[in-house]
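Summary of the model geometry
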Amino acid sequence: MASDSIRRFLFEKLGIRGEIVRLKHSYKTVLERHSYPPELAQLLGQAMAAVSLLGATIKYQGKLTLQVQGSGPVNLLIVEYDSQRQIRGIINWKEDSLLDMEIGKLFGDGHMAITVNPHDKASQYQGIVELVEPSLAGCIEHYFKQSEQLATCLWLVVDANCVAGFMLQQMPGTTEESDDWQRVKLLAETLSDDELLTLDDEALLHRLFHDDDILLFESEAIRFHCSCSRERIERMLLGLGKDEVDSIIQEQGNIDVACEYCNKNYSFDSVDAMQLFTDGDVGLHSDTRH
Ligand SMILES: [Zn+2]
């Protein structure tokens, strides 16, 4: 079993699909970049599993973003996942006493947005829901019910170094929750956290649904990847404008910008800045005007 992978399966006769995801290296990589309180490391892991599960249901070439924002002790959670199954994520917080894991309380008056950004910008869309359920999994189930009218169940489990997620969903086009859906859901509810973290995919599906015909697809690898680049930081500096950039360099000697996701540092000295505003001058007038 690959350590970071997603696997889709299908109940051929029931109009129900499902997925199993497990993340180890990518989760470890994300945690290595910041020193998160354990509750937030766990929430970030859940979000990474959730986004991988969501990403696998969408046919697109592009990027899927899960963002939770609020005014509570935790103010921002972002996880991005693209059609190459590359993932990155961060969580920002203001207070260290985060004992209450209810998502609504962590984020205060917050909301969750799911955005699909395909390479062809025409079919971009965003769904937003309030944080009405106590768990992230519950909020995503609520999102599917409200935005997509799809009965969906999610289980998200995190231990010290592994994240696992399991999802069941009625196929699009099915409006009523069928008896089969209820039965399959009840069986899935008997799955323990430990089983989800440790059983391999075949054993897990056999343990839950050995009376049903299931088509299990090939496992697909997921990896951590940060899409930051020097060019992106340059565009941001061009957006700030020459005067602002010059004044920071005068004050601090150079400009250091660290990527929030991967901690990579991008440094610009006065020569870099001069070159940037000479080469990048064309077409930027509209961005720099106030
Ligand atoms: Zn980065």
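As a reminder, the structure under discussion sits directly above these lines.
Conventions and cut-offs
Residues numbered from 1 in each chain as written. Predicted model: local features only at pLDDT ≥ 70, side-chain atom pairs only at ≥ 80, totals over all residues. Heavy atoms only, no water. Buried < 20%, exposed > 50% of the residue type's maximum accessible area, 1.4 Å probe, protein only. Helix = DSSP H or I, 4+ residues; strand = E, 2+ residues; numbered from the N terminus. Arc of directions from axis to C-beta. Contact = heavy atoms within 4.5 Å. Donors = N, O, S within 2.8 Å, 3.2 Å for Na, K, Ca; no water. Tetrahedral: all angles 85-135°; square planar, octahedral: opposite > 155°, others 65-115°. Pairing = 2+ DSSP bridges. Axes fitted to C-alpha atoms, helices over the stretch in contact; angles between N-to-C directions.

Before going further, it helps to examine helix H1 (residues 25–33). Among the residues making up H1, those that are buried are Ser26, Tyr27, Thr29 and Val30. The buried residues of H1 all sit within an arc of 160° when viewed along its axis, so they share a single face. Relative to its buried face, H1 has exposed residues pointing more than 90 degrees away, namely His25 and Glu32. Buried residues along H1 sit in contact with strand E2 (16–23), helix H2 (38–57), strand E5 (86–93), strand E8 (152–158), strand E9 (163–170) and strand E12 (223–224).

Taken together, the protein donors to the zinc ion comprise Cys226 (SG), Cys228 (SG), Cys259 (SG) and Cys262 (SG), at separations of 2.2 to 2.3 Å. For the zinc ion, the four donor atoms are set out with angles of 105 to 117° between them, so the coordination reads as tetrahedral. In terms of primary sequence, the donors binding the zinc ion are separated according to C-x1-C-x30-C-x2-C. Judged by relative accessible area, which is 15%, cysteine 262 ranks as buried.

Ordered by their spatial adjacency, six strands build an open sheet running E7-E6-E3-E4-E5-E12, and the pairing between neighbours is mixed. Either end of the sheet is taken by a strand with one partner, and the two such strands are strand E7 (125–130) and E12. When strand E3 (residues 62–69) meets strand E4 (residues 74–82), the two strands line up antiparallel, connected through seven bridges. Across the sheet, leucine 66 pairs through a bridge with valine 79, a residue of E4. On the sheet, helix H4 (residues 136–148) packs against E3, strand E6 (111–118) and E7 and is oriented at approximately 120° with respect to E7.

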